[in-house]
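One-letter residues, chain by chain:
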Amino acid sequence: MQPPLNQDKISQLDTFLLLAPAIFMNDLAIVGLGYVGLPLGLQFAKNDCQVLGLDIDAAKVNAINAGKSYIHHIPAESIADQVNAGRLKASTDFSLVSESRAVVICVPSPLNKNREPDISYILKTGAAIAPYLKPGILVVLESTTYPGTTDEDLREVLEQGSGLTAGKDFHLAFSPEREDPGNPDSKVAKIPKVVGGLTPACLEQAKELYSRAVERVVPVSSCRAAEATKLLENIFRSINIALVNELKVVYEAMGIDVWEVIEAAKTKPFGYMPFYPGPGLGGHCIPIDPFYLTWKAREYGQATRFIELAGEINTSMPTYVVHKVAEALNSVRKPLNGSKVLLVGLSYKANVDDDRESPGYILLEMLKNAGAEVAFYDPYIPVIRPSREHAHWAGTESIAWDQSTVGSFDLTLIATAHANVDYQQLCDWSQLVIDTRNATNGIKSDTRVVKA
């Protein structure tokens, strides 16, 4: 009879089993093939990794397997090259997780109608992959969320659905996404990757994974520290954008152009970073992420006054813009009710086709509710796609770009400053312009332009 193993040997055996997983066909599976998951998958594939993309949207899956792109700033050739090389494939079959050494979750994490965190997509994904987890697999969450989501909520779902124990039978980590769509200098390989693991072994596995695709991996002490890092980055931006939005209103009352002030201030080579005002916040991060911490902080009896004040200022900007629209129309003896208003730029930021959380939708709604006849022009969004938040706008088409069409509107409202829009032409064609992005700076036209 063999003598019983002592505790040290049992611990060593557990570690050996954990770090010696079964043979896998894929280096990693990426769940969620949107603005985060697809670029990440391409970067791993370019570094000779076998990548499986998983998504519930069959249209995205079919597009990838056909070598086509559904995201404007990602060339179809980049996808086709990796598909043809056999390094990238996509599927709606989540059971294929069983063939992957690692799983990276890149699904939405929005706010609900009460502005509380909605991690249902994260948890549903965890439940979907859990039955197919094998010992030794690494699971990484990239979706932005509050501290504790990975090691509490996601962990519980994964353990219940798999019968495995995180940190013992499988690795668990968090690594926040840092995508910057529309920025030509933003490359997945060049952006340092923050990583936090449930255990030291989990951290090492996550570091090893990301080191295959990015140049620098930044380890932190825990999943929660990594989750908090992402929140800090976006809270910093939200608060500073709120500051310049408030200064815009204050300086306007003083007869000062805030855009001129920002340009002058940013010549200081230290102690200052430029942020720019706008008609409101948009995108999948800045309008949402700060409130994840606000919500979680209440659990600990903590107030987040800076975050909440910044949120109040930023969410008030569409109202400010609509007031400017009404004032401008009133100055030419036209009421907002019954006027035709053209919104230029529906995506949440310049030079992308991403319209998530775009303040443009809020502006359209407010103007329509005030009685205006509204339409939009956006070279990146020829037709509004179905979405959770703005389903009733789905199918609405961008207007034609010609003098007759643009000139038929009583007022043109610039909400996003795309580089490929001819603003000289826009001013010359329009009857009245409201510019929330300083897009018309330096343009000379007989048309009246009001900055807002």
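Higher on the page you've got the structure.
What you see is a predicted model, and the numbers here were worked out from it, not measured in a lab.

Quick word on empty space enclosed by the protein
No. 1: Summed over the entire model, instances satisfying the criterion amount to one cavity of 30 Å³ or more.
No. 2: When its volume is computed, the largest cavity comes out at roughly 100 Å³.
No. 3: Lining the largest cavity are Val36, Leu40, Glu142, Glu177, Arg178, Glu179, Val188, Ile191 and Lys193.
No. 4: Here the residues of the lining of the largest cavity sort into four nonpolar, no polar and five charged.

Regarding the environment of Asp435
No. 1: Within the fold, Asp435 resides in strand β12 (residues 432-435).
No. 2: When its relative accessible area of 0% is taken as the criterion, Asp435 is described as buried.
No. 3: Taking the C-alpha atoms as reference, Asp435 lies 9.6 Å from Val344; in sequence the two are 91 residues apart.
No. 4: In contact with Asp435, not counting residues within four places along its chain, are Ile414, Thr440, Val449, Val450, Lys451 and Ala452.
No. 5: A polar contact of 3.0 Å, which involves the side chain of Asp435, links it to the backbone nitrogen of Asn438.

Quick word on the pattern of salt bridges
No. 1: Inspection of the entire model under this criterion finds 17 salt bridges.
No. 2: The partner of Glu252 in a salt bridge is Lys324, with the nearest N and O atoms 2.1 Å apart. One end of the pair, Glu252, is in helix α8 (residues 223-253); the other, Lys324, is in helix α11 (residues 305-331), and 72 residues separate them in sequence.
No. 3: With relative accessibility at 32%, the residue Glu252 sits in the partly exposed group.
No. 4: The exposure class of Lys324 is buried, given its relative accessible area of 10%.
No. 5: We note a salt bridge from Asp257 to Lys451, for which the minimum N-O separation is 3.0 Å. With Asp257 in the loop between α8 and α9 (258-265) and Lys451 in strand β13 (residues 448-451), this pair connects stretches of sequence that are 194 residues apart.
No. 6: By relative accessible area, which is 28% here, Asp257 ends up partly exposed.
No. 7: Residue Lys451 is classed as partly exposed on the basis of its relative accessible area of 31%.
No. 8: Through salt bridges with shared partners, a single ionic network connects Asp151, Glu152, Arg224, Lys296 and Glu299.

Definitions and cut-offs
Residues numbered from 1 in each chain as written. Predicted model: local features only at pLDDT ≥ 70, side-chain atom pairs only at ≥ 80, totals over all residues. Heavy atoms only, no water. 1 Å grid on protein atoms, 1.4 Å probe; cavity = no way out; pocket = protein on both sides within 12 Å on 5 of 7 lines; lining within 4 Å. Points joined across faces, edges and corners; volume = space filled by probe spheres on them. Nonpolar A, V, L, I, M, F, W, Y, C, P; charged D, E, K, R; others polar. Helix = DSSP H or I, 4+ residues; strand = E, 2+ residues; numbered from the N terminus. Buried < 20%, exposed > 50% of the residue type's maximum accessible area, 1.4 Å probe, protein only. Contact = heavy atoms within 4.5 Å. Polar contact = N/O pair within 3.5 Å; in protein donor to acceptor, adjacent residues only side chain to side chain. Salt bridge = Lys/Arg side-chain N within 4 Å of Asp/Glu carboxyl O.

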